[in-house]
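If you want the building blocks of each chain, they are given just below.
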Amino acid sequence: MASEIVFFNPGDSLGNFHDYNEAVRSGQLYRHKNETPHELVIATDPKNDEEYLIFYAKDAVDPANNKDKHGTKYNISKHL
């Protein structure tokens, strides 16, 4: 199965965790508490798959079209 690779600006992260289940729970709670209609994603850095970050999916960066934000490559682990 191929990984879904997306670019994000690391400063856009809503949180980072060392435990996958904690990241999922926190993302679900954040989405519920803030009543956001926007999809969240749990992502990992391909070089450090022991850290899980939460991003809004809408904040993905297209490095080819956005010269100011180059973004960092992440693997998507889960969509919330």
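Here the structure is a predicted model, which means the values were calculated and not measured. (Residues numbered from 1 in each chain as written. Predicted model: local features only at pLDDT ≥ 70, side-chain atom pairs only at ≥ 80, totals over all residues. Heavy atoms only, no water.)

Considerations on the pattern of salt bridges
Where we set the bar: Each reported salt bridge corresponds to a side-chain nitrogen of Lys or Arg within 4 Å of a carboxyl oxygen of Asp or Glu.
Scanning the model with the defined rule gives 1 salt bridge in all. Notably, a salt bridge pairs D59 with K58, separated by 3.4 Å at the nearest N-O pair.

Examining the packing of aromatic side chains
Definition in use: Centre distance within 6.5 Å is the pairing criterion for rings of Phe, Tyr and Trp, where only the six-membered ring of Trp is used; planes under 30 degrees apart are then read as stacked, over 60 as edge-to-face, and the remainder as tilted. Helix and strand assignments follow DSSP, with helices taken as H or I runs no shorter than four residues and strands as E runs no shorter than two, numbered in order from the N terminus. Using a 1.4 Å probe on the protein chains alone, a residue whose accessible area is under 20% of its type maximum counts as buried, one over 50% counts as exposed, and one in between counts as partly exposed.
One pass over the structure, following the stated rule, counts 5 aromatic pairs. Aromatic side chains F8 and Y74 sit 6.2 Å apart centroid to centroid with 55 degrees between the ring planes, which places their arrangement in the tilted category. Within this pair, whereas F8 is found in strand β1 (residues 4–8), its partner Y74 is found in strand β5 (residues 72–79), the two being separated by 66 residues in sequence. Aromatic side chains F55 and Y74 sit 5.2 Å apart centroid to centroid with 55 degrees between the ring planes, which places their arrangement in the tilted category. Here F55, found in strand β4 (residues 48–56), pairs with Y74, found in strand β5; they are 19 residues apart in sequence, far enough to count as distant. Owing to a relative accessible area of 4%, Y74 belongs among the buried residues under this scheme.

Structural notes on the environment of V61
Within the element layout of this structure, V61 appears in the loop between β4 and β5. For V61, a relative accessible area of 9% puts it in the buried group. When the C-alpha atoms of V61 and V6 are compared, they prove to be 7.6 Å apart, with 55 residues separating the residues in sequence.

So, unusual backbone geometry
Of note in the backbone geometry, E35 takes a positive phi value of approximately 45 degrees without being a glycine. One can find E35 in the loop between α1 (20–34) and β3 (40–45). E35 gets classed as exposed once you look at its relative accessible area, which sits at 69%.

With respect to the pairing of β3
What counts here: Here, any two strands with at least 2 DSSP bridges between them count as paired.
Buried residues dominate β3, accounting for 5 of its 6 residues. The turn linking β3 back onto β4 is made up of 2 residues. Of the pairings in the sheet, the one linking β3 to β5 comprises 4 bridges and is antiparallel in character. Directly across from T44, in β5, lies its bridge partner N75.

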